[in-house]
Amino acid sequence: MTAVDDRPTTEIGSARLRKEDQRLITGRTKWTDNIQLPGMVHLAMVRSPFAHARVSGIDTAEAKALPGVIAVLTGSDIADIQGLNITAWPITTDQKAPDHLPMVVDHVACAGEIVAVVAARSAAVARDAAELVDVDYEELPAVLDLKEAATDAVLAHPSLGTNKSAFWQLDSKAGGTGGDIEEAIATAREGGILIEREYRQQRLIPSFMEPRSTVVDPTGDQVVLWSSTQVPHLVRFGIAATTGLPESKIRVIAPDVGGGFGGKLQTTPEEFVTLAVARTLGKPCKYTETRSESMVSAHHGRDQWQKLTLAAEKDGTVTGLKVELMCDLGAYAGLVGGGVPVLGAWMFNSIYKFGAYQFNCTNYYTNKTWVDAYRGAGRPEATYAIERLMDELAAEVGVDPMEIRRKNWITHDEFPFASVAGMTYDSGDYEAATEKALGLFGYDELRAEQQRRRESGDPVQLGIGISTFTEMCGLAPSRVLGSLNYGAGGWESASIRMLTTGTVEVITGASAHGQGHETAWSQIVADRLGVPFENVEVLHGDTQIAPKGMDTYGSRSLVVGGEALVRAADKVIEKAKPLAAHMLEAGVDDLEFAAGRFTVKGTDKGIGLTDIALGIWTGHDYPEGLEPSIDADATFDPVNFSFPHGTHLCAMEVDTETGATTMRKYVCVDDIGTIINPLIVEGQVHGGLVQGIGQALWEGAEYDEQGTLVSGSFVDYTLPTAADTISFVTDHTTSPSTSNSLGTKGVGEAGTIASTPAVVNAIVDAVRHLGIDDIQMPCTPERVWKAIQSAGGTTDAAPVADAQAHFDEGAPNQDPAAGTTDGAGQ
Amino acid sequence: MIPAAFDYVSPTSLDDALAALAEAGDDAKVLAGGQSLLPILRMRLNAPEKVVDLGRIEALRGIRDGGDHIAIGAMTPYSDVVTDALVQEHAGLLAKAVETVADPQIRHRGTVGGALVHADPAGDVGAPVLALDATMVVVGPGGERTVGAGEFFRDLFETAVGDGELLTEIRIPKHTGWGSAYEKFVRVSHQWSIVAVAATVRLEGGSIAEARVGLTNMGSTPLRASAVEQALVGKGLSDLESACAAAADGTNPPSDLNGDADYRRHLAAVLTRRAVQRAMGG
Ligand SMILES: Cc1cc2nc3c(=O)[nH]c(=O)nc-3n(C[C@H](O)[C@H](O)[C@H](O)COP(=O)(O)OP(=O)(O)OC[C@H]3O[C@@H](n4cnc5c(N)ncnc54)[C@H](O)[C@@H]3O)c2cc1C
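Because the structure is predicted, anything quoted here is derived from the model rather than measured.

Caption draft 1: View of the overall build of chain A. Tallying secondary structure elements over chain A gives 21 helices and 28 strands in all. At 28 Å, chain A has a C-alpha radius of gyration in line with the 28 Å of a compact globule built from 826 residues. Its C-alpha atoms give chain A principal-axis dimensions of about 85 × 75 × 50 Å. For chain A, the residues scored as buried account for 63% of the 826 residues in total. Entry remark: accessible area of chain A is about 27,900 Å², with carbon and sulfur atoms responsible for 50%. Once the 64 positive and 111 negative side-chain charges of chain A are each reduced to a mean point, those two points are 3 Å apart.

Structure (C-alpha cells):
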C-alpha cells in the first residue's frame, strides 16, 4: 500500500483547459487518415453480406482489369503472412476459441468479415473494384440468438463442435470469502425473501467518433504501422506474435485518435490485412473504414442474459446473491473478449455486505459481430443487475429503495473492507456521497410530486431511480492478472527527459485517444518538478518513442500510469540531488527541494532543476562515479485496484399515453479520489453519463433473421446527441485511494457504469404502481407503452427487427440479397 | 463512402435542365439539396450516369404571394420556409412541420421540392402539404401541368413527377388565420418521424369550423385523415378525444425497430388529439 502524498500542489486540482484540444477540435493534426505517403496505395475491403457461409470461389478478374487497380488479394493469397487476431484472455485453460483470421480463407462466421481486398491508386478506384469482385458463397445455417446458441442445435463454427467457449465460476464458499450460496437461497426460500429475475444486457455499438484507419509503410528497415487504436503496444505484440515479423522490425504509432470507448481496444483484422498487403506489394498502404463498415465489423459490446437470485431476510438484509450469465461473444473471442463479463465477477456484490456469493459465466459463440470491451466492460452489466435488484427488494419489503441500500452497504468505518468476492476495498464513504446527492437532488420534494401525480392520475408519471455504485479501476496488478490466466501484465511506465533549455519531455506508455493525458500529465509533472505547465511536453502512442506501455483502457491511465510518472519524477529529483550538492558545494543532507529548486538549508544559495539539466548536458563538471544524466524511467505495477464509487439519482417522466420518457433531473456525486483536473473529470463524467443513458433509452444493435445488422447506420442505431440530454448536476466527495501516491481512483467509466440502472430504475419506479417491475433495455417508448398495456405481465417485447428505408424503394441500408454475387455488401 | 463516378452538369435555366435530362434519359438523376440523393449515391444504392444539379437555377428558389395562394419554388431550402413571413401567416402548418426536419445543417441544404419528389413516407413535408390542399407545378418536355397534392403521392418513393420531368413550384392556398400544429414523435431529436400528425384548424367562436389533418408515416404515402376532419367540425377543446380516436382507420403503417403497426396506430390517435388541441391554442 502506498501512502498518499500530501505535499502542496498548485497545478493538481486546477481546471486547466486541455492543451490538446486546439488541434483535436480543429482537426489540424495527424489523424491516421490524414497521413499521405509517397506512392501510397489505397485499400477497399470486400466483405461478406452473409452471417455464415462457405466461400466456394472468388473471381477477381474483372476487378483486376479496372484501370488503377494494383492488386486484388484473397485470404489464400496472404494466408502465410496475415497473422492472427489474438485473444489475450482465455478465461480458462480449456477455453474453446476458433482461429480468428484477419481475412477469411473459406469460412465466414459473421456478416462483415473480409473475404478479399483491393489495392488501387485511389480510394475511389479501390471502391469501384471492390464492387466487381465476384464471390461465390454457400450459405450455412446461422445461429444468431444467444439462447439458441446454448443448445448447440446450429453451430457458429462447425469445426469447434460446440458453441460454448468456456465456463468460469467464482464461489465465496470455495474461495473462503463468504458462505454457501445454496444454503442462503434455501433459507430465504423458507422464511425470507427471494428475488429471482432475468435481465438482458443488449448488444451495443461503441460508436467512436473517428472511424478506424490504418496506414502501413513497409519501405524502410522497420515496418511502420499507424493506426487509430487505443493499444499500439498490444498491436505490436500481436503482429510480432503471429505474422513472423520480428518485434524489433515493427513500429506501431497511434497518432491522434478520435475516441475508442473500448472499441479500439483490439487488434483488428483491418490492421493485419493492411499490413499483409503492404508487405506483399512493398508499397505504403492506407485503409480507412466507412461508418457502415465500422458498425458491422468493429467489435460490439455487452450482450448478456443475466439470471439472478437474491436472497434476503424479511427485513431486507441481503444474505446472498447468485449470478448466472450467458454471454454472446459473437463470432470470435476478441482481445479481452471472454474476459469482459468476468470483469463483472467482483462487482455484482458492489457496495454491499452479502453473506454468500456465487458468480457463474458461460460464454457462447454466435454468427454475429464479435463482442469485446465497451466502456465499463463487465462492470456496467454487474452494476445494472445489482442496482435493479436492490430496487426490486425494496419494493418487496415495502421500503424506500434508499433505505434498503443503507441497510446493506459497507459503512465508512468498515474500510478497508474485504468483499465477499475477494476484493479489498481500500477507501470510500457511501454515506457522504449519498447525503450530498440527496441534497442536490431534492429527493423529498420529488417523492412528494410523484405522490401527487399518482393520486391525481396524471397521464405523465414521475419516477426516481437510484444507483449507488462502485467499480474496480486501475487495471491491474500483474500478479492478479496472472492468476486469472490473462496473457499480459497490468503495469505502466513513464520516462522523464530533462531537456537542456528548460523544457521537459514526458513519455508515457498509456495511449490517450481523447482523454486529455497531455494536460493532466503536464499538471502532475509541473507540480512535482516545479517547472511551468507550458514547459512540459507529453509524448505517447509510438512504440519507438514510448517503447514500454500497456496503453489506455479500464480507467487505468492516471491510476497506474500517473503513479509511474510520479515515481519517474521523484527519481529525477533523486538523481539531481548529488549534482546539486556538487554545484552548490554543500552536503546532500543539507539540501531541500521545493518549487523546482534545490536550496541549502538556512542560506539563500540554490540552483534550479533545469539549470542542473543544462549543466549535466555539458558534462563539464560533475562528481566522479555519477552518470551524467538526470533523466529517469519508472515502471509501476499496482498492488491493488482502486474503487471509485458514487451515488447517482435520476428523475424520469413517463408519458403513459405514448410511452415516451423524458429526463427531468440527474444528479451524481462521485468519489474518484484526488482530482487532478476538475474540467477533464467533468468531461469524463458527462460523456460517461450520456453513454450509460444511451444504453438505457436509445441504443441497441439489432439483427434480422438472416443475421444482417439492421441497426447498421446512425439512422437506425439511435445514438443520442447533445439535443437529447439535459444539464447534469455533478459533484464529488473525496476519499483518496491508497493504491497510488496521488490518491486517484479513475473516472473514465464511472458515469457509464452508474447511469444505466439509475435511468431504468426511475422508469420502472414511475409505473410500478401500475403493476410493472421491469422494462427491457433500451426502454423505447413502444416497450414502455406495451408494458403499461399489459401491466402486471412481463414485457420482453422484442422490437421488430427491421429498419425503415429512407432512401430507395426496396433498398434497405444493407441488403444481403444484393450481395449475392458482389461481395461489397456495405 | 465514395459514389460511383458520374457526369455532373449544373444548368442555370429550367430549359437547359430539361434538355440535360432529356438527353440522358433514364440514366440521369436530379440533384436538389442532396440530403437524400447523396447518401443514396454514397451507399451505392443508385449509380446514375449523370447528375443534373438544380442549384444554380435562381428561378426555382424563393417564396412569393400568388394572390389566393403562396407559391414556393421547389429549390427553396427548408430554413427559408421556416422563417418566411408569408408562410408563417398563410401556411403556418408548413413552417411548423419543416422546423422539425433533422437539424440546422440539413435544413439549410434540404429543399421542399426535393423532399416532396423523394416522397419518403416518414418525411415531414408531405403531410402538411397534403393537409393544406397544395397544388404542385410539374414541368416536362411536354410543357407544364399541375397536380393536386391528393394525386401527387403515388407510393413509397413514388410521385406524379415522371422521368424527365421537374417539380418547379408548390402552391398553397392561403389558410390565413388558421391555427396549426405539427406533432412529431421521435426517440432521438434528429430522427425521421416514427409517426407525426399535421393539423390545422379554423375556429369560430371557440369551436372548430374547418379542420385539416395529415398523417406522416402511417402508410406508404402521406395520408389525409378525412374522417377525423369531418368529425372535428363543431367540436371544442374539451371534446376532441372521440373525434380523433379514428385517426388511424384505414391506414397501413410500417413495423420496424421504432415500433410495430399497432403501436403506430395508437400513436396516431394520441398525436392527432394533441395536434388539434395545440392548433386550437389549447
Ligand atoms: C441525417 C438526415 C436526417 C433527416 N431527417 C429528416 C427528417 O427528420 N424529416 C424529413 O422530412 N426529412 C429528413 N431528412 C431528409 C431531408 O429532408 C432531405 O433533404 C429531403 O428528403 C430531400 O430533399 P433534398 O433537397 O435534399 O433533395 P435531394 O436529396 O437532392 O433529392 C431527393 C430526390 O428528389 C429528386 N428531386 C429533387 N428535386 C427535384 C425536383 N425539383 N424535380 C424532380 N426531382 C427532384 C432527386 O432526383 C432525388 O431523387 C433527413 C436527411 C438526413 C441526411
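Caption draft 2: Representation of empty space enclosed by the protein in the model. Residues and elements named next belong to chain A. Counting across every chain of the model gives 10 cavities of 30 Å³ or more. By volume, the second largest cavity is sized at about 100 Å³. What lines the second largest cavity is simply Arg47, His100, Pro102, Cys110, Gly112, Glu113, Ile114, Pro269, Glu270, Ser297, Tyr332 and Trp370. Grouping the amino acids of the lining of the second largest cavity by side-chain chemistry returns 6 nonpolar, 3 polar and 3 charged.

Caption draft 3: Structural context of the sheet that holds strand 7 (residues 164–171) of chain A. All names here are of chain A. The strand order 7-15-14-13-8 describes an open sheet built from 5 strands, whose pairing is mixed. Of all strands in the sheet, those bounded by a partner on one side alone are strand 7 and strand 8 (193–204). The sheet shows a mean angle of 10 degrees between the axes of neighbouring strands, taken without regard to direction. As paired strands, strand 13 (residues 301–312) and strand 14 (residues 318–328) are joined by 9 bridges and run antiparallel to one another. From the neighbouring strand, Leu310 faces strand 14, where its bridge partner is Leu321.

Caption draft 4: Layout of the environment of Ile524(A). Residues and elements named next belong to chain A. Structurally, the position occupied by Ile524 is in helix 16 (residues 517–529). Owing to a relative accessible area of 2%, Ile524 belongs among the buried residues under this scheme. Separated by 25 residues in the primary sequence, Ile524 and Gly549 place their C-alpha atoms 19 Å from one another. Among all residues touching Ile524, those that are not within four sequence positions of it are Ile12, Leu558, Leu565, Val566, Ile676 and Leu742.

Caption draft 5: Representation of the interface of chain B and chain A in the model. On the side of chain A, 44 residues touch chain B, which itself brings 38 residues to the contact. Here chain B packs against chain A, burying approximately 3,400 Å² in sum over the two surfaces, 58% of which is carbon and sulfur. Seen at the junction of chain B and chain A, the total is 5 salt bridges. The salt bridge involving Arg44(B) is made with Asp128(A); its shortest N-O contact spans 2.7 Å. Counting every contact that joins chain B to chain A gives 17 residue pairs in polar contact (both at pLDDT 80 or more). Counting residues per element, the ones that place at least two in the side of chain B that touches chain A are helix 2 (37–42) and helix 12 (261–279) of chain B. When residues in the side of chain B that touches chain A are grouped by element, the largest group, 7 residues, is from helix 12 of chain B. Residue composition of the side of chain B that touches chain A, by class: 19 nonpolar, 11 polar and 8 charged.

Caption draft 6: Summary view of the packing of helix 11 (residues 379–397) of chain A against helix 12 (residues 401–408) of chain A. Residues and elements named next belong to chain A. Look at helix 11 against helix 12: their axes get within 8 Å of each other, and the N-to-C directions meet at 110 degrees. The orientation of helix 11 with respect to helix 12, classified from their angle, is roughly perpendicular. Across from Glu387, Met390, Asp391, Leu393, Ala394 and Val397 in helix 11, the residues of helix 12 making contact are Pro401, Ile404, Arg405 and Asn408. For the contact of helix 11 with helix 12, the per-class residue count stands at 6 nonpolar, 1 polar and 3 charged.

Caption draft 7: Examining the confidence of the model for chain B more closely. Chain-level pLDDT for chain B is 97 on average; 100% of the residues reach the 70-or-more range. Confidence metrics for the complex model read pTM 0.96 and ipTM 0.97.

Caption draft 8: Highlighting the site of the ligand. All names here are of chain B. The full set close to the ligand counts 29 residues, and Val30, Gly34, Leu37, Tyr78 and Thr111 are the nearest of them. Between an oxygen atom of the ligand and a main-chain N or O atom of Gln35, the distance comes to 2.7 Å. Contact distances for the ligand include 2.9 Å between an oxygen atom and a side-chain N or O atom of Lys184. At the level of secondary structure, the elements contributing two or more residues to the shell around the ligand comprise strand 2 (28–31), helix 7 (112–118) and strand 10 (166–173). Ranked by the residues each element gives to the shell around the ligand, the list is headed by helix 7, at 4 residues. Considered class by class, the residues forming the shell around the ligand number 15 nonpolar, 10 polar and 4 charged.

Caption draft 9: A look at a negative patch on the surface. Residues and elements named next belong to chain A. Residues Asp59, Glu62, Asp134, Asp136 and Glu138 make up a contiguous surface patch of negative charge. The element that contributes the greatest number of residues to the negative patch is strand 6 (residues 134–139), accounting for 3 residues. Its location among the elements puts Glu138 in strand 6. Owing to a relative accessible area of 43%, Glu138 belongs among the partly exposed residues under this scheme.

Caption draft 10: Representation of the state of the cysteines. This model, assessed by the stated rule, comprises 0 disulfides over all chains. Here Cys668(A) is not cross-linked by a disulfide; its sulfur's nearest cysteine counterpart is in Cys650(A), at 11 Å.

Caption draft 11: Just the packing of helix 7 (residues 232–243) of chain A against helix 8 (residues 269–281) of chain A, in detail. All names here are of chain A. Between helix 7 and helix 8, the least distance of the axes is 11 Å, while the angle of their chain directions is 60 degrees. If you check the angle between helix 7 and helix 8, you find them oblique. Here helix 7 and helix 8 pass one another in a crossing that is right-handed. Here Val235, Gly238, Ile239, Thr242 and Thr243 of helix 7 lie close against helix 8, whose contacting residues are Glu271, Phe272, Leu275 and Arg279. Its residues assigned to classes, the contact of helix 7 with helix 8 comprises 4 nonpolar, 3 polar and 2 charged.

About the criteria used
- Residues numbered from 1 in each chain as written.
- Chains lettered and ligands numbered in written order.
- Predicted model: local features only at pLDDT ≥ 70, side-chain atom pairs only at ≥ 80, totals over all residues.
- Heavy atoms only, no water.
- Helix = DSSP H or I, 4+ residues; strand = E, 2+ residues; numbered from the N terminus.
- Rg over C-alpha atoms; globule rule 2.2 N^0.38 Å.
- Buried < 20%, exposed > 50% of the residue type's maximum accessible area, 1.4 Å probe, protein only.
- Areas by Shrake-Rupley, 256 points an atom, 1.4 Å probe, with all protein chains shown as cover.
- Lys, Arg positive; Asp, Glu negative; His and termini not counted.
- Charge placed at Lys NZ, Arg CZ, Asp CG, Glu CD.
- 1 Å grid on protein atoms, 1.4 Å probe; cavity = no way out; pocket = protein on both sides within 12 Å on 5 of 7 lines; lining within 4 Å.
- Points joined across faces, edges and corners; volume = space filled by probe spheres on them.
- Nonpolar A, V, L, I, M, F, W, Y, C, P; charged D, E, K, R; others polar.
- Pairing = 2+ DSSP bridges.
- Axes fitted to C-alpha atoms, helices over the stretch in contact; angles between N-to-C directions.
- Contact = heavy atoms within 4.5 Å.
- Buried area = accessible area lost by both parts, 1.4 Å probe.
- Salt bridge = Lys/Arg side-chain N within 4 Å of Asp/Glu carboxyl O.
- Polar contact = N/O pair within 3.5 Å; in protein donor to acceptor, adjacent residues only side chain to side chain.
- Parallel < 35°, antiparallel > 145°, perpendicular 65-115°, else oblique.
- pLDDT = per-residue confidence, 0-100.
- Near = heavy atom within 4 Å.
- Patch = residues over 30% accessible without salt bridge, like charges linked within 9 Å, V, L, I, M, F, W, Y side chains within 5 Å.
- Disulfide = S-S within 2.5 Å.
- Left-handed = near helix turned anticlockwise from the far one by under 90°.

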